[in-house]
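# Structural overview
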Amino acid sequence: MIDAHIHADTRPYEDFEMMAVAGVDTAVSCAHDPMRMSTSEVVLDHIHRIMENDTKRAAKNGVKLYSAVGVHPRSISSDYEIVLDKLPELLENKNVVAIGEIGLENGTKQEKEVFIKQLKIAQDLNIKVIVHTPRTNKKEITELTATIIEDNIDTSLVLLDHVDKFIIKRVLDFNGILGLTVQPQKMTVDEAVQMMEEYGYDKFVLDSDMSSSPSDPLSVPKTVHKLRLSGVDPKNIKKVSYSNAADFYKI
Ligand SMILES: [Zn+2]
């Protein structure tokens, strides 16, 4: 199984062991806002940790960890341009599979500027992006996010994440992929199963987004377990828990 979006830097060593035992052999760890991102150096050190230290910690437990790098909307330092200038070089690393997670949190002018610049870099380099949708004002911010995506990048390059029943209709015709994030306070296993029953198995990847917020490292295996118990065709289970993410990230 692949967990398509996690934050490995916030998690203990034991979580990787638990994931591996439950059958998650691959995950993608994304840039976020683990501390006050006061300067570009802090952001770049955070990215370095994702790419190096966490990859090794996961590998010791048999979990292959890929990285997504970039400037999260909650970690915009005043000198963020320095991070953007470094992105093309960072993206040359074979373990880096996307720019992410990026997007809008509150929809401020600066967030939009940083988001658009990163979408343009991704379009120019033909690289995938992982785009976050927020918990607060989700519908309104997603509308803005979706419009910016449509104006700046081919949607086939986009994983739009944390999709729920309130925003799905707006983004269903994107050519990329949609993330179902099974996480306490975000989406339950049953709600994710319902989304797949209603909208099919071709458009979705599953992820835990495990972070410093309440999280479950076993979100993906628990959802797979529920799909099996519900009698879903194993081919469809494989799509949402493995092949859709593997095809999207080219891993
Ligand atoms: Zn995240």
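None of these values were measured; they are calculated from a predicted model. (Residues numbered from 1 in each chain as written. Predicted model: local features only at pLDDT ≥ 70, side-chain atom pairs only at ≥ 80, totals over all residues. Heavy atoms only, no water.)

Now for the pairing of strand E7 (residues 177-181). Within E7, five of the five residues are buried, which leaves it mostly tucked inside the rest of the structure. Here E7 shows no split at all, with Ile177, Gly179 and Thr181 on one side and Leu178 and Leu180 on the other all buried. Sheet topology note: the strand E6 (residues 158-160)/E7 ladder contains two bridges and is parallel. Paired with Leu160 across the strands is Leu178, a residue of E7. Of the pairings in the sheet, the one linking E7 to strand E8 (residues 204-207) comprises four bridges and is parallel in character. Bridging from a neighbouring strand, Leu180 pairs with Leu206 of E8. (Buried < 20%, exposed > 50% of the residue type's maximum accessible area, 1.4 Å probe, protein only. Helix = DSSP H or I, 4+ residues; strand = E, 2+ residues; numbered from the N terminus. Pairing = 2+ DSSP bridges.)

What follows is about the coordination of the zinc ion. Around the zinc ion, the protein supplies His5 (NE2), His7 (NE2), Glu101 (OE) and Asp209 (OD) as donor atoms, at distances of 2.0 to 2.2 Å. Note that the zinc ion binds four donor atoms; their angles at the metal cover 86 to 174 degrees, and the shape is irregular. (Donors = N, O, S within 2.8 Å, 3.2 Å for Na, K, Ca; no water. Tetrahedral: all angles 85-135°; square planar, octahedral: opposite > 155°, others 65-115°.)

Looking now at the pattern of salt bridges. Scanning all chains against the criterion turns up 12 salt bridges. For the salt bridge of Asp54 with Arg57, the shortest nitrogen-to-oxygen distance reads 3.1 Å. With Asp54 and Arg57 both in helix H3 (residues 53-60) and three residues apart, the pair spans about one turn of that helix. A residue is classified by how much of its surface remains accessible, and Asp54, at 0% relative accessible area, is buried. For Arg57, a relative accessible area of 18% corresponds to the buried category. Between Glu81 and Lys117 there is a salt bridge, with its nearest N and O atoms 2.6 Å apart. Taken together, the residues Glu81 in helix H4 (residues 80-90) and Lys117 in helix H5 (residues 109-125) connect sequence positions 36 residues apart. Take Lys117: its relative accessible area is 30%, and that puts it in the partly exposed class. Connected through shared salt-bridge partners, Asp33, Arg74 and Glu105 make up one network. (Salt bridge = Lys/Arg side-chain N within 4 Å of Asp/Glu carboxyl O.)

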